Amino acid sequence: MKRWLILSLVGCLAVGSVSFAAVQKGDTELDALGSWMMQNGEGDYDDIDVFLLSAGIGYFVTDNVQIQAAAMGAWTEVEGADMDIWSIGARAKYHFMPTNQWVPYIGGQVMWANFDADDEDGDGVLWGPLLGLRYELNAYNDFFVEYQYHIWSGDIGDILDDGHGLFVGLIHQFK
């Protein structure tokens, strides 16, 4: 009798955990993330510290695959000159184990970037891979940590080479 009861409870827990998935096909999300990170300077430029904020709206085309429109703003100082960077673009993410409370993912991003410094301005492309881990706080909100590798090209690539960023953020799901 005890074994049957324990097996029944374990079965109920397994079914219950699958029925409330952290991410599902058709979900729309709004996320916001921020970081203080370091970018490598190109050529004669020094490495720089950057304060960065980003937001995106994403849609799950399958239980695992999300596409996202995103925007980013970054503020820094390069060689004594203030620099503002604005970018807009897209991200794609593949979520592993979407039915768990902890959901790891990998992806990539491509963004058009514009910069304005005291003595020059220009544009270029920011692209690179990303990986992260999200934790379901409740049915509508998740906390996440994300690593991004940034590769810069175009005019902005003459100042910034590449860089690493570790971000923290919140996600709100519209179900």
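Residues numbered from 1 in each chain as written. Predicted model: local features only at pLDDT ≥ 70, side-chain atom pairs only at ≥ 80, totals over all residues. Heavy atoms only, no water.

Chemist: Any chance you could explain the confidence of the model for the chain here in plain terms?
Modeler: Low-pLDDT portions of the prediction should not be read for the details of their coordinates. Taken over all residues, the pLDDT of the chain has a mean of 86, while the share at 70 or more is 88%. Low pLDDT (under 50) marks residues 12-19, which in the prediction has 3 contacts with non-local residues, meaning those over four places away or in another chain. (pLDDT = per-residue confidence, 0-100. Contact = heavy atoms within 4.5 Å.)

Chemist: What am I meant to see in the packing of aromatic side chains here?
Modeler: The geometry of two aromatic rings is summed up by the distance between their centres and the angle between their planes. What the rule picks out here adds up to 4 aromatic pairs. Arranged with centres 6.0 Å apart and planes meeting at 35°, the rings of Phe-51 and Trp-75 form a pair that is tilted. Taken together, the residues span a long stretch of sequence, with Phe-51 in strand 2 (residues 48-60) and Trp-75 in strand 3 (residues 65-78) at a distance of 24 residues. Given a relative accessible area of 30%, Trp-75 falls into the partly exposed group. Consider the rings of Trp-75 and Trp-86, whose centres lie 5.4 Å apart with planes at 90°: the pair is edge-to-face. (Phe/Tyr/Trp six-rings, centres within 6.5 Å; stacked < 30°, edge-to-face > 60°. Helix = DSSP H or I, 4+ residues; strand = E, 2+ residues; numbered from the N terminus. Buried < 20%, exposed > 50% of the residue type's maximum accessible area, 1.4 Å probe, protein only.)

Chemist: Explain the side chain of Gln-173 to me, please; I cannot follow it from the model alone.
Modeler: Relative to the helices and strands, Gln-173 resides in strand 8 (residues 160-174). According to the relative accessible area criterion, Gln-173 is buried, its value standing at 1%. Within the local environment of Gln-173, its side chain forms a polar contact with the side chain of Glu-29, the two groups lying 3.0 Å apart. Aside from chain neighbours lying at most four places away, what touches Gln-173 is Ala-22, Val-23, Asp-27, Thr-28, Glu-29, Arg-134, Ala-139, Tyr-140 and Asp-142. (Polar contact = N/O pair within 3.5 Å; in protein donor to acceptor, adjacent residues only side chain to side chain.)

Chemist: Please clarify how unusual backbone geometry should be interpreted in this entry.
Modeler: Most peptide bonds take the trans configuration, and most residues that are not glycine carry a negative phi. Positive phi values are uncommon outside glycine, yet Met-97 reaches one of about 50°. By secondary structure assignment, the location of Met-97 is in the loop between strand 4 (81-95) and strand 5 (102-117).

Chemist: Can you walk me through the environment of Asn-40 in this structure?
Modeler: Within the secondary structure layout, Asn-40 lies in strand 1 (residues 28-41). As a C-alpha pair, Asn-40 and Gly-163 span 123 residues in sequence and 5.5 Å in three-dimensional space. In contact with Asn-40, other than residues within four places in its own chain, are Asp-47, Leu-160, Asp-161, Asp-162 and Gly-163.

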